[in-house]
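Inside the fold
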Amino acid sequence: MVDASRDEAQLAVRLYNDPSEIRSFESFVVHMHLAWLYLLHAELTRDGVDFRFWRTQGRARRLERIDGEPKRWDLATSVRHRWPGDTQPVRVNLEFFIALRNKIEHRYAREQQALTAAVGGQSQALLLNYEEELTGQFGPGSSLATRLRFPVFVGSFTDEGERTLRRLRSQLPAPLRTFIAEYDAGLDDSIARDPRYDFRLRVLQELAPKDPDALAIQFTRYDDLTEEQREDVEAIGRKGYVVVRERKRPVVGHGLLKPTQAARMIQDRIPFGFNTALFTIAWKKLGVRPLVGDVHPEKTDEKYCLYDERHNDYGYTRAYIDKLVRECADEAGFRALLGTAPRDKVTGDWVGSPPPGATPPWRRPAPSAEQSEDATTRSA
């Protein structure tokens, strides 16, 4: 079973790296799905775990069968058994690809390259997690290191290659773009940034003397760096990359929300008052769109906000609504993001310490009859 698993993983990588393969990315996802399934079944077999499906009929238990053969756990069930916690990065990465496979299988043949560019980090993490699980469970002799090679490619090592990859991302169909954005938006930041979920590299070309014992590509884990080296790496990450020419970003109107709609939806899902003024504070704090008057109004965080060129305004995604709901669901998160104390959306009272300079309750004007009636209705 382990050998079959390794064969599937090797085939997945070969197809992924084959530019002539029309369905390269779909093939990679399908064969890595099988590689993981065989690997986890091998672990269950070794550990004596019964991974067949049973059904109860009265007092009797009977095996579920397909064409006379016992039905065994699918990958999703095997993953939940191996990683019971739903916040474990390896499990979250696998569940992402299980859901993605269900969406793309036998579809989106023309968007294979765009998909590869959009989820390349998750794909690399899927393979590295597999290698770690394989060698951790069945020893270093099972490693794929001698079977797989670092591919020779152009990619983002040239300016034109980088621009091409960025154009590819913009060609992703709206349903897939929405799926990826909403899946990522639903993750805790600690998971989203974990390399076991999404593995990203910043490659630096190094000019060094020829070393007969050195590899062409040297990989150093962040955890193995000194404090000084980590500071240098983080500084590089903050600087980012130089944009030679800004491109027009996709303009999409379907399903996007105006600020008033968005603020209302957020307030409906949290215990505090939330209005468009707070919504504005949030997008400025999170940097999801440029400020008014920016020369590049289309330069948004596309997961959360898109520019409408025709109307010269912005629409916000449901993934952004979900993010703000998570951030503002409790008092601490509300204060951290918006820099002010929340108010109870029914009574209007401050929750916790009021902000400096807030009007004391005894100095506030009494609510009008209409406001009182409205608060009573909402409470009911």
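Scroll up for the structure.
As a convention, each chain's residues are numbered from 1 in the sequence order in which they are written. Whole-chain, interface and lining totals are the exception, using all residues; otherwise, since this is a predicted model, local features are given only for residues with pLDDT of at least 70 and side-chain atom pairs are given and counted only at 80 or more. Side-chain calculation: all heavy atoms of the structure are included, whereas hydrogens and water are not.

1. Brief notes about the overall build of the chain
- Secondary structure elements are taken from DSSP: a helix is a run of H or I of four residues or more, a strand is a run of E of two residues or more, and numbering for both begins at the N terminus. Along the chain, the regular secondary structure elements total 15 helices and 6 strands.
- Categorising residues by exposure relies on relative accessible area from a 1.4 Å probe, with only protein chains included: less than 20% of the type maximum marks a residue as buried, more than 50% marks it as exposed, and the intermediate range marks it as partly exposed. Expressed as a percentage of the 380 residues in the chain, the buried residues total 34%.
- Counting only contacts in the chain whose residues sit at least 6 apart along the sequence, the fraction spanning at least 24 positions is 62%.
- Summed over its atoms, the accessible surface of the chain is roughly 23,800 Å², and 51% of this surface lies on carbon and sulfur atoms. By definition in these notes, contact holds between two residues if any of their heavy atoms fall within 4.5 Å. Per-residue and other accessible areas follow the Shrake-Rupley method at a 1.4 Å probe size, with only the shown protein chains counted as cover for residues.

2. Describing the packing of aromatic side chains
- Any Phe, Tyr or Trp ring, taking Trp's six-membered ring, that has another such ring centre within 6.5 Å forms a pair; planes under 30 degrees apart are called stacked, those over 60 apart edge-to-face, and the others tilted. With the rule as written, the count across this model stands at 11 aromatic pairs.
- On the numbers, 4.7 Å between centres and 90° between planes, the contact of Phe 279 with Tyr 316 is edge-to-face. Linking Phe 279 in helix H12 (residues 276-286) with Tyr 316 in strand E6 (residues 313-316), this pair joins segments that are 37 residues apart in sequence. For the pair Phe 279 and Tyr 316, one class covers both residues: buried.
- Above the plane of the ring of Phe 138 lies Arg 46, whose end atom (NZ or CZ) is 5.1 Å from the centre. For a lysine, the NZ atom is tested; for an arginine, the CZ atom; a charge sits over a ring if that atom is within 6 Å of the ring centre and within 35 degrees of the ring normal.

3. Some thoughts on the pairing of strand E2 (residues 60-63)
- As defined by bridge partners, strand E1 (residues 54-57) adjoins E2 across 4 bridges and the pair is classed as antiparallel. Note that in E2 the partner of Gln 57 across the bridge is Ala 60.
- Paired strands are those between which DSSP finds at least two bridges. Connecting E1 to the next strand, E2, in antiparallel fashion are 2 residues, including Gly 58 with a positive phi near 65°.

4. A few points about the side chain of Ser 27
- When you line up the elements, Ser 27 lands in helix H2 (residues 24-46).
- Owing to a relative accessible area of 15%, Ser 27 belongs among the buried residues under this scheme.
- Side-chain atoms alone can form a polar contact between residues adjacent in sequence; in general such a contact is a pair of N or O atoms within 3.5 Å, and within protein one must be able to donate a hydrogen while the other accepts it. There is a polar contact of 2.7 Å between the side chain of Ser 27 and the backbone oxygen of Arg 23.
- Once you skip the residues sitting within four places of it in the chain, Ser 27 turns out to touch Leu 15 and Glu 21.

5. Structural notes on the environment of Pro 70
- Inspection of the secondary structure puts Pro 70 in strand E4 (residues 69-70).
- Separated by 16 residues in the primary sequence, Pro 70 and Trp 54 place their C-alpha atoms 8.9 Å from one another.
- Excluding its chain neighbours within four sequence positions, the residues that come into contact with Pro 70 are Arg 52, Leu 63, Glu 64 and Arg 65.

6. A few points about helix H8 (residues 174-185)
- With 12 residues, H8 should cover 16 Å at 1.5 Å per step; its first-to-last C-alpha distance of 16 Å lies within 8% of that length.
- Where H8 is concerned, the buried positions are Leu 176, Arg 177, Phe 179, Ile 180, Ala 181, Tyr 183, Asp 184 and Ala 185. A helix's residues, less one, multiplied by 1.5 Å, set its expected span.

7. A look at the packing of H2 against helix H3 (residues 75-82)
- Axes, fitted as lines to C-alpha atoms, cover a helix only where it is in contact. Angles between the N-to-C directions of the axes lie from 0 to 180 degrees. It is at 10 Å that the axes of H2 and H3 come closest, and there the two elements cross at 50°. The orientation of H2 relative to H3 falls into the category oblique. As H2 runs across H3, the sense of the crossing is left-handed. Counted together, His 33, Trp 36, Leu 37, Leu 40, His 41, Glu 43 and Leu 44 of H2 and Leu 75, Ser 78, Val 79, His 81 and Arg 82 of H3 form the full contact between these two elements.
- Three classes are used, and their members are as follows: Ala, Val, Leu, Ile, Met, Phe, Trp, Tyr, Cys and Pro are nonpolar, Asp, Glu, Lys and Arg are charged, and the others, Gly among them, are polar. Taken together, the residues of the contact of H2 with H3 sort by class into 6 nonpolar, 4 polar and 2 charged. In these notes the angle categories are as follows: under 35 degrees is roughly parallel, over 145 is roughly antiparallel, 65 to 115 is roughly perpendicular, and the rest is oblique. Crossing handedness follows the turn of the near helix against the far one: under a right angle anticlockwise gives a left-handed crossing, and clockwise gives a right-handed one.

8. So, the nonpolar core
- Here, nonpolar core means buried Ala, Val, Leu, Ile, Met, Phe, Trp, Tyr and Cys residues that are tied together by side-chain atoms lying within 4.5 Å of each other. One finds Phe 25, Met 32, Trp 36, Phe 96, Leu 100 and Tyr 130 to be the most contacted residues of the largest nonpolar core, which totals 40 residues.
- Only helix H1 (2-16), H2, H3, helix H4 (89-104), helix H5 (112-118), helix H6 (120-138) and H8 provide two or more residues apiece to this core.
- Ranked by residue count, the leading element in this core is H2, at 10 residues.
- Not counting the four nearest positions on each side in its chain, Met 32 is found in contact with Ala 9, Ala 12, Leu 126, Leu 127 and Tyr 130.
- With 27 residues, the next largest nonpolar core counts Leu 257, Phe 274, Tyr 316 and Leu 324 among its residues.

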